[in-house]
Amino acid sequence: MLTKFETKSNRVKGLSFHSKRPWILASLHSGVIQLWDYRMGTLIDRFDEHDGPVRGVHFHKSQPLFVSGGDDYKIKVWNYKTCRCLFTLLGHLDYIRTVQFHHEHPWIVSASDDQTIRIWNWQSRTCISVLTGHNHYVMCASFHPKEDLVVSASLDQTVRVWDISALKKKTASPGDDLLRLSQMNTDLFGGVDAVVKYVLEGHDRGVNWAAFHPTLPLIVSGADDRQVKLWRMNDTKAWEVDTLRGHMNNVSCVMFHTKQEIIVSNSEDKSIRVWDATKRTGIQTFRREHDRFWVLASHPEMNLLAAGHDSGMIVFKLERERPAFAVSNDILFYTKERFLRFYEFSSQRDTQVIPIRRPGSTSLNQSPKTLSYSPTENAVLICSDVDGGSYELYVIPKDSAGRVDHAQEAKRGSGGSAVFVARNRFAVLDKSSNQVLVKNLKNEIVKKSGLPFAADAIFYAGTGNLLCRAEDRVYIFDLQQRLVLGELQTPFIKYVVWSNDMESVALLSKHAILIASKNLVHKCTIHETIRVKSGAWDDNGVFIYTTLNHIKYCLPNGDTGIVRTLDVPIYITKVTGNTIFCLDRDGKSRAIVIDATEYIFKLSLLKKRYDHVMSMIRNSQLCGQAMIAYLQQKGFPEVALHFVKDERTRFNLALESGNIQIAVASAKEIDEKDHWYRLGVEALRQGNAGIVEYAYQRTKNFERLSFLYLITGNIDKLTKMLKIAEVKNDVMGQFHNALYLGDVRERVKILENAGHLHLAYTAASVHGLQDVAERLAAELGDSVPSLPDGKRPSLVMPPMPVMCGGDWPLLRVMKGIFEGGLDNVGKGIADEDEEDVEGDWGEELDMVDANGLTNGDVTAIVEDGEAGEENEEEGGWDLEDLELPPEAETPRASVSSRQTVFVAPSPGTPVSQIWIQKSSLAAEHAAAGNFETAMRLLNRQLGIRNFAPLRSMFLDLHGGSHSYLRAFSSAPVISLAVERGWSESATPNVRGPPAVIYSFSQLEEKLRAGYRATTAGKFTEALRLFLSVLHTIPLIVVESRREVDEVKELIIIVKEYVLGLQMEVRRREIKDNPVRQQELAAYFTHCNLQVPHLRLALLNAINVCYRARNLATAANFARRLLETNPTIENQAKTARQVLQAAERNMTDVAELNYDFRNPFVVCGATYVPIYRGQKHVSCPFCSSQFVPSQEGQLCGVCDLAVVGADASGLLCSPSQVR
């Protein structure tokens, strides 16, 4: 059983499939009717007007109706589009068990516990016939799918077949007099509309269900005697054919399968059983743990069944319908029924090749699952689930183009899956031993390869390679070398589709598609809510795939879209151009023509093939919000512009693409304040002062205009703005403009006119306008403000602008492919030299002088203002007339005379990005400021996890590889990249690697300083210096291979000192454990130190052990010290004295964990010896060794890496990468 959908609900008593849509009705014991979409797995609607359980429900074949019958004695007819009950049919006097629409006539048949069957006309809403005869509850009644018969089952232990042909004649409009006469007689004297044709007796208990065969004169019934009976009928009689026994409890429902010769029954024994209708034997049984089954339904057109049980329902298929197929160049081999067929794509010729064995076993799902084809040998491998998984090998005769009737004897074998891996070799997966067996065409084993992982299926992956599926991942396995070439974590993969060039692979699972390279490097993943069914690659590298109801595409970057919808699922075999070849569920080959424009357009954009994009825009009908949104999202607003007619959308796209001219045109059409403001912001960003000015004028934004004139140094326009403010009687605006102009007299005048005499006097006095100051002092009299003493006044003057005049200078750039070629698209203008324009270079841009640009508005206002001043005596200010005119001449943006669109240059790649693009050196990534990738590299190369000690070095590297310049006081600081090995003669366009502040010579200097500190006994200082060297090494860059070896050698030297000094510092901290003190002193002597330091360590160990009276151990150290030939006489003398003392008493007071005869290294965390042959783990960076329990901990020596981590090794030179 292949479960497709499952619900959890109250007990399901009635089920009905919709004939066209993927819907199913479930009527529940609780009185609710649920409408489910079994394909999406969603509840669409619920209808709950019945009072009590609803036992019967049925969809109409063509109308948007369904009927339901319940324990409230009511039959309700519903319209599922309007989601309401249309009417109720009343007449039954007890529970209604089943209801069903007639396939042609407007009739409903219903069965009830009132012992009757009723036939209703749902158009006239009346009962047209009552069928009486049963003497117990009628459990079900249904129309024959073709003839005028009704079958019913009752608890009176009988099945009845009723003839309703008279009812058909009665309802037909009488065509001749004879019929009319008989109709009249019937109406006058009463006539029987339906008569009992047969009464089938044979069950020992009440019969729960009876059903007709869709085509043959057969009936099947199921009863409380736990038996399923098969009956045959002819024109005169009906008789029992056979009894099917096996159910352990009452049989609730039974039916014939619509497509196959099988009977399906379910029962209160919690099982569904499948029977062979011809052999009358059981094929398969499906059980549930806790739920009794009550009802079955079959889809009228598809191979789907549904069963209702105590806690919901399941929709299921008995067998998979996917035909097994294999494609090789222009041909397709596939299986249909019991034949292998051949289809040629170019000629669309379909022929039968050879018969293949029909499985002898009676169970389901024995049809071929996969098919593999070897074109050179013309051999076919067919795998199925027979005998727990087996394969059959057929070699197709060369002359088998016609029909071959005799079945060829196949070579067989058992195995989970089998696939050709070479011309005459195929691989078979043996799951029991987890081996791949390679066999020849004689079915003999040639080679066995054990797999290093537990595989449950194998697929083809190129000659000699297999793609193996494990539980949660897939592997590429090379059979020759027995190596895993790649692996990828995936959901459970069902199908594998390789691209034509074998460079990409699509891995299809139930609800996802993973696209990966041939070595299983992940590219993208697509998730689908509806089940994925099949897929194939087209010639452009686009993956076309199908779900249950769509054909879709996936671009190489993971973008997906719908090509078209499907009525029924198909299995794609090949995609050529805009034709999709596929197999349907009936095994028929079909060719579907699709419109590939959308995905080819997106692919051309993705691959930057703009000439294709251009021609597609010109010639196709691409449009729609989805396409515009896609272009915007992908950073092509200038392309989207050519699809859009709506002015607001055009305006937004023009701003996004920086196309000021189109934005101005759209803003004029829209003419809203918000749009002018946004246009002004964008124009200001581009430095197009003329458009900014025009936008501000349109919105009468005088404050912004004044400030614009200030920063562009346009004093004339500022003077006019002052007059406009005066005309508008805007005192604050007047003052601001006077301040911007640096006009003190005007400011004093404004303050005086506004009545601020004190401020006016102060301003005049400070700025040395004595005549005005005296006049104001006279007016103020006694209240003259006093000025502060000792202060030196200064004149506030506007700063000089960085750039006077018009627009900012613009680069001369190449026109975008779209701008040059698309200016006239959609405007009906035939450009004569269109071909030339497409690839044209934009002419040198004309720089427009701001003075020549604008100010139709401003000048008009000023002239009006001046006229007003002359006629001042005659009347007051008429301010309404002095508003700016609504329309002004649009200034032309600075563009070439020939073209109307300017494309800003795209910013170049930042130097820091160039540095990291080709570098695998962590130091260079840190210098570029990309700390995250630097940390990732160090983690991968050296297993480093603790980056705290490296933080300051990262910052120093970044700071040291950049220099900073100040341009203007108002401009931001300019960052300059400092390159390693730069010279005057270097090519300016080729970037060198970053300068790195740490060098190997610095480390050598620090190493010598560490040696000196060790000799002087400054252990803490020495430890700090050595650790500093160790921490700097991951961020060092050297040039030659020889230097790389020196750096690696330096790690070992420094590591030994760090470990030894850590033990010595620890020893000095221990006060109360003389044994541990002696052990640490002893271990220190086994670190790989310079000879002078080794002598000091040995002398130290002699002193510690001698004081603790461990004379034998002290003597060993003394002997080792003398072997180094000490140059300092005092050291040799001490050693000899200790030896003499020990010879008299060669004993140890305390036993130490120390055996000098057995070579060992010291654990860097626990400071205990790890003797040769004992298990240990290492630090991937400093190579210190540790006891196994330290695995996964931070290294105690270098304090950077994780002990036992996987790492690729130190990378500190470009020479290692080349």
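What counts and how
Residues numbered from 1 in each chain as written. Predicted model: local features only at pLDDT ≥ 70, side-chain atom pairs only at ≥ 80, totals over all residues. Heavy atoms only, no water. Helix = DSSP H or I, 4+ residues; strand = E, 2+ residues; numbered from the N terminus. Buried < 20%, exposed > 50% of the residue type's maximum accessible area, 1.4 Å probe, protein only. Contact = heavy atoms within 4.5 Å. Phe/Tyr/Trp six-rings, centres within 6.5 Å; stacked < 30°, edge-to-face > 60°. Lys NZ or Arg CZ within 6 Å of the ring centre and 35° of its normal. Pairing = 2+ DSSP bridges. Axes fitted to C-alpha atoms, helices over the stretch in contact; angles between N-to-C directions. Expected span 1.5 Å × (residues − 1). Disulfide = S-S within 2.5 Å. Polar contact = N/O pair within 3.5 Å; in protein donor to acceptor, adjacent residues only side chain to side chain. Patch = residues over 30% accessible without salt bridge, like charges linked within 9 Å, V, L, I, M, F, W, Y side chains within 5 Å. Areas by Shrake-Rupley, 256 points an atom, 1.4 Å probe, with all protein chains shown as cover. Salt bridge = Lys/Arg side-chain N within 4 Å of Asp/Glu carboxyl O. pLDDT = per-residue confidence, 0-100. Core = buried A, V, L, I, M, F, W, Y, C linked by side-chain atoms within 4.5 Å.

Participant: How should the overall build of the protein chain be read in this particular structure?
Facilitator: Of the regular secondary structure elements, the protein chain holds 31 helices and 61 strands. Taken over 1218 residues, the protein chain has a buried fraction of 51%. Put simply, of all contacts in the protein chain between residues at least 6 apart along the chain, 49% involve residues at least 24 apart.

Participant: Would you explain the packing of aromatic side chains in this entry?
Facilitator: Any aromatic ring pair is given by two values, namely how distant the centres are and how the planes are angled relative to each other. Within the structure shown, the criterion is met by 34 aromatic pairs. Relative to W78, the ring of F66 has its centre 5.7 Å away and its plane inclined at 10°; by these criteria the two rings are stacked. Of the two residues, F66 sits in strand β7 (residues 65-70) while W78 sits in strand β8 (residues 75-79), which places them 12 residues apart along the sequence. Classification of F66 as buried rests on a relative accessible area of 0%. For W78, a relative accessible area of 1% corresponds to the buried category. Cluster of aromatic residues (ring-pair linked, three or more members): W23, F47, F59, F66, W78 and Y80. One residue, R338, lies across the ring of F339, its end atom 5.8 Å from the ring centre.

Participant: How should the sheet that holds strand β23 (residues 262-267) be read in this particular structure?
Facilitator: By definition, the strands of a sheet pair up through backbone hydrogen bonds, in either a parallel or an antiparallel sense. Ordered by their spatial adjacency, 4 strands build an open sheet running β22-β23-β24-β25, and the pairing between neighbours is antiparallel. Only two strands of the sheet have a single partner each, and these edge strands are β22 (251-256) and β25 (281-287). Each strand axis lies, on average, 20° off the axis of its neighbour in the sheet, ignoring direction. Here β23 pairs with strand β24 (residues 271-276) via 5 bridges, running antiparallel. Note that in β24 the partner of I263 across the bridge is W275.

Participant: Help me out: how do you make sense of the sheet that holds strand β33 (residues 370-374) in this one?
Facilitator: If you trace the 4 strands from one edge of the open sheet to the other, you get β33-β34-β35-β36, paired in antiparallel fashion. With partners counted over all chains shown, the strands left at the sheet margins are β33 and β36 (411-414), one partner each. Strand-to-strand twist in this sheet, taken as the mean axis angle between neighbours without regard to direction, amounts to 20°. Bridge count for strand β35 (residues 390-395) against β36 is 4 bridges, and the pairing is antiparallel. The residue bridging L393 from the neighbouring strand is K411, located in β36.

Participant: Even after reading the chapter, I still don't get helix α12 (residues 715-727), so can you show me in this structure?
Facilitator: Each turn of an α-helix holds 3.6 residues, which means side chains three or four residues apart point in the same direction. If you check α12, its first and last C-alpha atoms are 19 Å apart, about what 13 residues at 1.5 Å a residue would give, namely 18 Å. Taken together, the buried positions of α12 are K717, L718, M721, L722, I724, A725 and V727. After α12 finishes, the residue N729 shows a positive phi value of roughly 60°.

Participant: I keep staring at the state of the cysteines and nothing clicks. Help me out?
Facilitator: Note on terminology: a disulfide is the covalent bond linking the sulfur atoms of two cysteines. Here the structure, examined in full by the defined rule, presents 0 disulfides. In this structure C1179 is not part of a disulfide, and its nearest cysteine sulfur, from C1182, lies 3.6 Å away. The class for C1179 is buried, based on a relative accessible area of 3%.

Participant: Help me understand the side chain of Q1216 in this model?
Facilitator: Looking at the element boundaries, Q1216 is found in helix α31 (residues 1214-1217). Polar side-chain contacts of Q1216 include one of 3.1 Å to the backbone oxygen of L1210. Dropping the residues within four chain positions of it, Q1216 is found in contact with R1041, V1044, K1048, L1210 and L1211.

Participant: What is the right way to read a nonpolar patch on the surface from this model?
Facilitator: On the surface, L684, F707 and I711 cluster together into a nonpolar patch covering about 260 Å² of accessible area. Tracing the sequence through the fold places L684 in helix α9 (residues 673-686). Residue classification places L684 among the partly exposed positions, given a relative accessible area of 37%.

Participant: For this particular structure, what's the right way to read the confidence of the model for the protein chain?
Facilitator: A low pLDDT means the predicted coordinates there should not be read in detail. In this model, the protein chain carries an average pLDDT of 84, and 87% of its residues clear a pLDDT of 70 or more. Taken together, the stretch residues 821-890 has pLDDT below 50 and engages in 102 contacts with residues farther than four places along the chain or on a different chain.

Participant: For this particular structure, what's the right way to read the pairing of strand β44 (residues 483-489)?
Facilitator: Consecutive residues of a regular strand have side chains that alternate between opposite faces of the sheet. Alignment of strand β43 (residues 473-478) against β44, held across 6 bridges, turns out to be antiparallel. Bridging across to β44, Y475 finds its partner in E487.

Participant: What is the right way to read the nonpolar core from this model?
Facilitator: When a protein is soluble and globular, its nonpolar side chains tend to lie buried together. Ranked by internal contacts, the top residues of the largest apolar core, which has 91 residues, are L938, F1026, I1033, F1181 and C1198. Per element, the largest residue contribution to this core is 10 residues, and it comes from helix α26 (residues 1041-1069). Ignoring sequence-local partners within four residues, the contact set of F1026 consists of L1007, G1010, Y1011, T1014, V1054, Y1057, V1058 and L1061. Judged by nonpolar contacts, the second largest core, of 43 residues, contains V159, V207, V251 and L296.

Participant: How should the pattern of salt bridges be read in this particular structure?
Facilitator: Where charged atoms from two side chains of opposite charge approach closely, those side chains can pair. Within this structure, the stated rule accounts for 44 salt bridges. Of the charged contacts in the structure, one is a salt bridge between K317 and E321, with a shortest N-O distance of 3.1 Å. You can call E321 buried: its relative accessible area is 16%. The partner of R1024 in a salt bridge is E1021, with the nearest N and O atoms 2.9 Å apart. A residue pair is termed a helical-turn pair when its members lie 3 or 4 positions apart in one helix, as R1024 and E1021 do in helix α25 (residues 1019-1032) at 3 residues. When its relative accessible area of 33% is taken as the criterion, E1021 is described as partly exposed. The network of salt bridges with shared partners includes E6, K8, R288 and D291.

Participant: For this particular structure, what's the right way to read α9?
Facilitator: An ideal rise of 1.5 Å per residue puts 20 Å on 14 residues; α9 measures up with 20 Å between its terminal C-alpha atoms. Buried residues along α9 sit in contact with α7 (647-657), α8 (660-670) and α10 (689-698). Directly after α9, the chain includes G687, whose backbone phi takes a positive value near 75°.

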